[in-house]
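Spelled out from the first residue to the last, the chains are:
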Amino acid sequence: MATIEMQTTLAPVREKVEAGERLDLEDGLALLESDDLLEIGELADLARRLRGGTDDVFFVQNMNLYQTNICRVKCKFCAFAATQKQEQAYTITAEELVADAAHQHELSGFTEIHMVNGENPHISFDFYVDTIRQLHAALPSVHLKCYTASEIHHMTTVSGGLTHEEVLRELKAAGLGSLPGGGAEIFANRVRQLVAPGKEDPEIWFHVHDTAHRMGMPTHCTMLYGHVETYEERVDHLIRLREQQDKTGGFLAFIPLAFHPENTVFERRGWRHTTGADDLKMLAVSRLMLDNIEHIKAYWIMMGMPLAAVGLHFGANDVQGTVVRETIFHAAGAVTETEQKIDQLVRFVSETGRTPVQRDTLYNEIRRWA
Ligand code: V47
């Protein structure tokens, strides 16, 4: 009986997947409400393959940097941010940041810098431009994927009125290559008011990405799940990203980010880490709903390398990268490592029967393991 019931619940979704039809809100809800994890994973893998996906699983050799944790916004989910008066507050000068990055580059030869920060009201727009210029001059072959859409918007404020396009043009001229996907959180206003009332409206997040794409600058996109949002709000978030991608096509990859509650107000209210089942389901539903975003990342920092490897059978085709240092998730209780060596990434990917491919930020192949 149970088998018949499961088939009837997801059968209409399967039919659409097999026919290459776009899934809608109801389909997304049916998937999230289903407990048949294995069927959801199988459907996501099927959709990935039907859309041209192969056995290749990508990773990038990258390095995370965080130049300042001082932030004006006070998002309730964040354990990274500090006010200027707090003991743990810091801002690193461009010179210090570059010296550190150059030293690390000599040791490992990473090809990408991923940098996000707090929205620091005490530094000027020139500080960001100067940082990018110096990083680019010191490491010209390294792709700079820096600043979330929220930070780009913040720069329009500290610059005294530059537009998103003007900010992005100056940063691009200084050497910025792409934008990471943070700051998206959940687009539904109800949730934003509860978890990040000081953050910009979703329309602003979209405007920054839209502008970047139209300038030829690719970006990433994310969703922070596992806090106060409903399943409907998760699917609505994915559909809004899909609509943007229809318009501009500039999202390189989507990364679902599982909420980590430690050292946040939600820990005091009893929130717990997401379960592995929810993480796998989110990967699969993202793959199924986002039919126009080629790469879905199972971010091992967030879910651990063993589960990220399982996620490769739930629609993911990327495990992000070596990372080296990670602060945002570890401030909020992540117990994963902060670095993966390339041979570890290769081992985990190979064990799933897939082909590890080291890529650059733009998904050009650097090396593959047979
Ligand atoms: O916007 C903050 C999230 C984002 C917590 O583009 C949290 O490849 C979980 O931009 N629990 C910033 N998540 C990080 C970011 C990012 C991360 C990984 C990959 C990429 C990419 C970009 O981190 C924030 C927020 O959504 N975040 N605090 C927390 N306690």
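Remember, predicted model here, so these are calculated numbers, not experimental data. (Residues numbered from 1 in each chain as written. Predicted model: local features only at pLDDT ≥ 70, side-chain atom pairs only at ≥ 80, totals over all residues. Heavy atoms only, no water.)

**Considerations on the sheet that holds strand 3 (residues 112–115)**
Now for step 1: Reading across the sheet, the 3 strands line up as 2-3-4 and stay open at both edges, with parallel pairing between neighbours. In the strand order of this sheet, the two ends are held by strand 2 (62–65) and strand 4 (143–146), each with one partner. In this sheet, adjacent strand axes meet at a mean angle of 20 degrees when their direction is disregarded.
Now for step 2: Pairing of strand 3 with strand 4, which is carried by 4 bridges, proceeds in the parallel orientation. Note that in strand 4 the partner of Ile-113 across the bridge is Leu-144.
Now for step 3: Across the face of the sheet, helix 5 (residues 125–138) comes into contact with strand 3 and strand 4 while running at roughly 155 degrees to strand 4. (Pairing = 2+ DSSP bridges. Helix = DSSP H or I, 4+ residues; strand = E, 2+ residues; numbered from the N terminus. Axes fitted to C-alpha atoms, helices over the stretch in contact; angles between N-to-C directions. Contact = heavy atoms within 4.5 Å.)

**Description of the sheet that holds strand 9 (residues 355–359)**
Now for step 1: The strand order across the open sheet built from 4 strands is 8-1-9-10, with neighbouring strands paired in mixed fashion. Edge strands, defined here as strands with exactly one partner in the open sheet, are strand 8 (318–321) and strand 10 (365–368). If you compare each strand with its neighbour and ignore which way they point, the axes differ by 25 degrees on average.
Now for step 2: Bridge count for strand 1 (residues 56–60) against strand 8 is 2 bridges, and the pairing is parallel. Bridging from a neighbouring strand, Val-60 pairs with Gly-321 of strand 8.
Now for step 3: Relative to the sheet, helix 16 (residues 342–351) contacts strand 1, strand 8 and strand 9, its axis offset from that of strand 9 by approximately 145 degrees.

**Details of the pairing of strand 3**
Two faces, one strand: in a regular strand the side chains alternate between the faces of the sheet.
Now for step 1: Of the two faces of strand 3, the one lined by Glu-112 and His-114 and the one lined by Ile-113 and Met-115 are each fully buried.
Now for step 2: Across 4 bridges, strand 2 lies against strand 3 in parallel orientation. Within the sheet, the bridge partner assigned to Asn-62 lies in strand 3 and is Glu-112.
Now for step 3: Crossover strand 2 to strand 3 through helix 4 (residues 94–108) is right-handed.
Now for step 4: This β-α-β element, strand 3 to helix 5 to strand 4, shows right-handed connectivity. (Buried < 20%, exposed > 50% of the residue type's maximum accessible area, 1.4 Å probe, protein only. Right-handed = clockwise from strand over helix to strand, strands pointing away.)

**Details of the packing of aromatic side chains**
Now for step 1: Counted by the stated rule, this structure contains 12 aromatic pairs.
Now for step 2: Between Phe-58 and Tyr-363, the ring centres sit 5.4 Å apart and the planes meet at 80 degrees, which makes this aromatic pair edge-to-face. Placement of Phe-58 in strand 1 and of Tyr-363 in the loop between strand 9 and strand 10 is noted, with a sequence separation of 305 residues between them.
Now for step 3: Residue class for Phe-58 comes out buried when judged on its relative accessible area of 13%. (Phe/Tyr/Trp six-rings, centres within 6.5 Å; stacked < 30°, edge-to-face > 60°.)

**Brief notes about the nonpolar core**
Now for step 1: The biggest cluster of nonpolar side chains holds 107 residues, and the ones touching the most others in it are Ile-113 and Leu-171.
Now for step 2: Looking at which element gives the most residues to this core, the answer is helix 12 (residues 276–289), with 7 residues.
Now for step 3: Each residue touching Ile-113, except ones within four places of it in the same chain, is listed here: Met-63, Leu-65, Ala-101, Leu-135, Leu-139, Val-142, His-143, Leu-144, Lys-145 and Cys-146.
Now for step 4: By size, the runner-up hydrophobic cluster in this structure holds 5 residues, among which are Phe-58, Leu-252, Val-357 and Tyr-363. (Core = buried A, V, L, I, M, F, W, Y, C linked by side-chain atoms within 4.5 Å.)

**So, the state of the cysteines**
Now for step 1: Taken as a whole and assessed by the stated rule, the structure comprises 0 disulfides.
Now for step 2: Cysteine Cys-75 is unpaired, with the sulfur of Cys-71 as its nearest cysteine sulfur at 6.3 Å.
Now for step 3: With no disulfide partner, Cys-146 has as its closest neighbouring cysteine sulfur the one in Cys-71, 17 Å distant.
Now for step 4: Judged by its relative accessible area of 0%, Cys-146 is buried. (Disulfide = S-S within 2.5 Å.)

**A look at empty space enclosed by the protein**
Now for step 1: Taken as a whole and judged by the stated rule, the model has 1 cavity of 30 Å³ or more.
Now for step 2: By volume, the largest cavity amounts to about 680 Å³.
Now for step 3: If you trace the largest cavity, you find 41 residues lining it, with Val-116, Gly-182, Gly-183, Leu-257 and Ile-328 closest to the centre.
Now for step 4: Its residues placed into classes, the lining of the largest cavity shows 21 nonpolar, 13 polar and 7 charged. (1 Å grid on protein atoms, 1.4 Å probe; cavity = no way out; pocket = protein on both sides within 12 Å on 5 of 7 lines; lining within 4 Å. Points joined across faces, edges and corners; volume = space filled by probe spheres on them. Nonpolar A, V, L, I, M, F, W, Y, C, P; charged D, E, K, R; others polar.)

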